Amino acid sequence: QQPVQSPQAVILREGEDAVINCSSSKALYSVHWYRQKHGEAPVFLMILLKGGEQKGHDKISASFNEKKQQSSLYLTASQLSYSGTYFCGTEGGSQGNLIFGKGTKLSVKP
Amino acid sequence: NAGVMQNPRHLVRRRGQEARLRCSPMKGHSHVYWYRQLPEEGLKFMVYLQKENIIDESGMPKERFSAEFPKEGPSILRIQQVVRGDSAAYFCASSPLRGQSTDTQYFGPGTRLTVL
């Protein structure tokens, strides 16, 4: 089943914070986060594994609560370069392939 | 270390023609995944291959679509007798040896197919 992302879109001013959520109806072992700019390839941000893991990269961090079957991506003090569509991916039917959510479109304005 | 390579970047075909999309994985990666993305939508899994093997093709239409990953050379996604609905961006991704859900998948730049 496709994970559900919320919100669908968000507009921020530079320096503001945002949270993007990803939830699944099935048990998860891992959650993958990507960012895609218009017309470009998805770029890997981070992967979280079960165990309530949290990770961070610069001012972007994420948490994974496998009991609640959800993950959240936190963007702190957003920069213009954060604009893009953020996708979460969860495990598909076979080993390896991912099922992606519909994406959250983030726009950061000056 | 070169990233995932895809060519062509843009491909225009008329209805009924064949489209061939190529993907060279990152060096050292032996697992390739193909995804399709329609405008303003997410990525939809199509097929997962290892060298000379199709592991999972559950996301690929049964007719007109085929994929291979030969021992030598790139992975090929072939679409025969294309229709307008095939117009989309096709991305391939590669991951290293284990091919597990915990592996990071690195995406190529995509091939944008337009069917006239």
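For the structure, check the block above.
Residues numbered from 1 in each chain as written. Chains lettered and ligands numbered in written order. Predicted model: local features only at pLDDT ≥ 70, side-chain atom pairs only at ≥ 80, totals over all residues. Heavy atoms only, no water.

A. Spotlight on the overall build of chain B. If you tally the helices and strands in chain B, you get 0 helices and 11 strands. In chain B, the order of α-helices and β-strands from amino to carboxyl end is β-β-β-β-β-β-β-β-β-β-β. With the C-alpha coordinates of chain B rotated into their principal frame, the extents come out at 40 × 25 × 25 Å. Here chain B holds 116 residues, and the buried ones make up 47% of them. In chain B, the proportion of contacts linking residues at least 24 apart, taken out of those at least 6 apart, comes to 53%. Of the roughly 5,800 Å² that chain B leaves accessible, carbon and sulfur atoms contribute 47%. Here chain B carries 17 positive and 11 negative side-chain charges, and the mean point of each set is 6 Å from the other. (Helix = DSSP H or I, 4+ residues; strand = E, 2+ residues; numbered from the N terminus. Buried < 20%, exposed > 50% of the residue type's maximum accessible area, 1.4 Å probe, protein only. Contact = heavy atoms within 4.5 Å. Areas by Shrake-Rupley, 256 points an atom, 1.4 Å probe, with all protein chains shown as cover. Lys, Arg positive; Asp, Glu negative; His and termini not counted. Charge placed at Lys NZ, Arg CZ, Asp CG, Glu CD.)

B. The arrangement of the interface of chain A and chain B in detail. Contacts between the two partners involve 23 residues from chain A, matched on the other side by 22 residues from chain B. Both faces considered, chain A and chain B share a buried interface measuring about 1,800 Å² in area, 57% of it formed by carbon and sulfur atoms. The tally of links from chain A across to chain B stands at 4 residue pairs in polar contact (both at pLDDT 80 or more). Of all the secondary-structure elements, those providing two or more residues to the side of chain A that touches chain B are strand 4 (30–36), strand 5 (43–49), strand 9 (84–91) and strand 10 (98–100) of chain A. If one sorts the elements of the side of chain A that touches chain B by residue count, strand 4 of chain A sits on top with 4 residues. Classifying every residue of the side of chain A that touches chain B by side-chain character gives 10 nonpolar, 10 polar and 3 charged. (Buried area = accessible area lost by both parts, 1.4 Å probe. Polar contact = N/O pair within 3.5 Å; in protein donor to acceptor, adjacent residues only side chain to side chain. Nonpolar A, V, L, I, M, F, W, Y, C, P; charged D, E, K, R; others polar.)

C. How the structure looks around the nonpolar core. Residues and elements named next belong to chain B. Ranked by size, the top nonpolar core spans 23 residues in total, and within it Trp34, Met46, Leu77 and Tyr90 carry the most contacts. Where this core is concerned, the elements lending two or more residues are strand 3 (19–24), strand 4 (31–37), strand 5 (43–50), strand 7 (65–68), strand 8 (75–79), strand 9 (88–95) and strand 11 (111–115). Beyond its immediate chain neighbours, meaning those up to four positions away, Leu77 contacts Ala19, Arg20, Leu21, Trp34, Met46, Met60, Ser66, Ala67 and Tyr90. (Core = buried A, V, L, I, M, F, W, Y, C linked by side-chain atoms within 4.5 Å.)

D. Region of the structure containing the state of the cysteines. Residues and elements named next belong to chain B. Inspection of every chain in the model, using the stated rule, returns 2 disulfides over all chains. Across a sulfur-sulfur distance of 1.8 Å, Cys23 and Cys92 are joined as a disulfide pair. Residues Cys23 and Cys92 are joined by a disulfide whose S-S torsion is about 70°; by sign, that bridge is right-handed. Of the two residues, Cys23 sits in strand 3 while Cys92 sits in strand 9, which places them 69 residues apart along the sequence. Cys92 matches Cys23 in its accessibility class, with the two residues each being buried. (Disulfide = S-S within 2.5 Å.)

E. Structural context of the environment of Asp17 of chain A. Position of Asp17 of chain A relative to the elements: it lies in the loop between strand 2 (9–13) and strand 3 (18–23). At 2.8 Å, the side chain of Asp17 of chain A and the backbone nitrogen of Ala77 of chain A are in polar contact.

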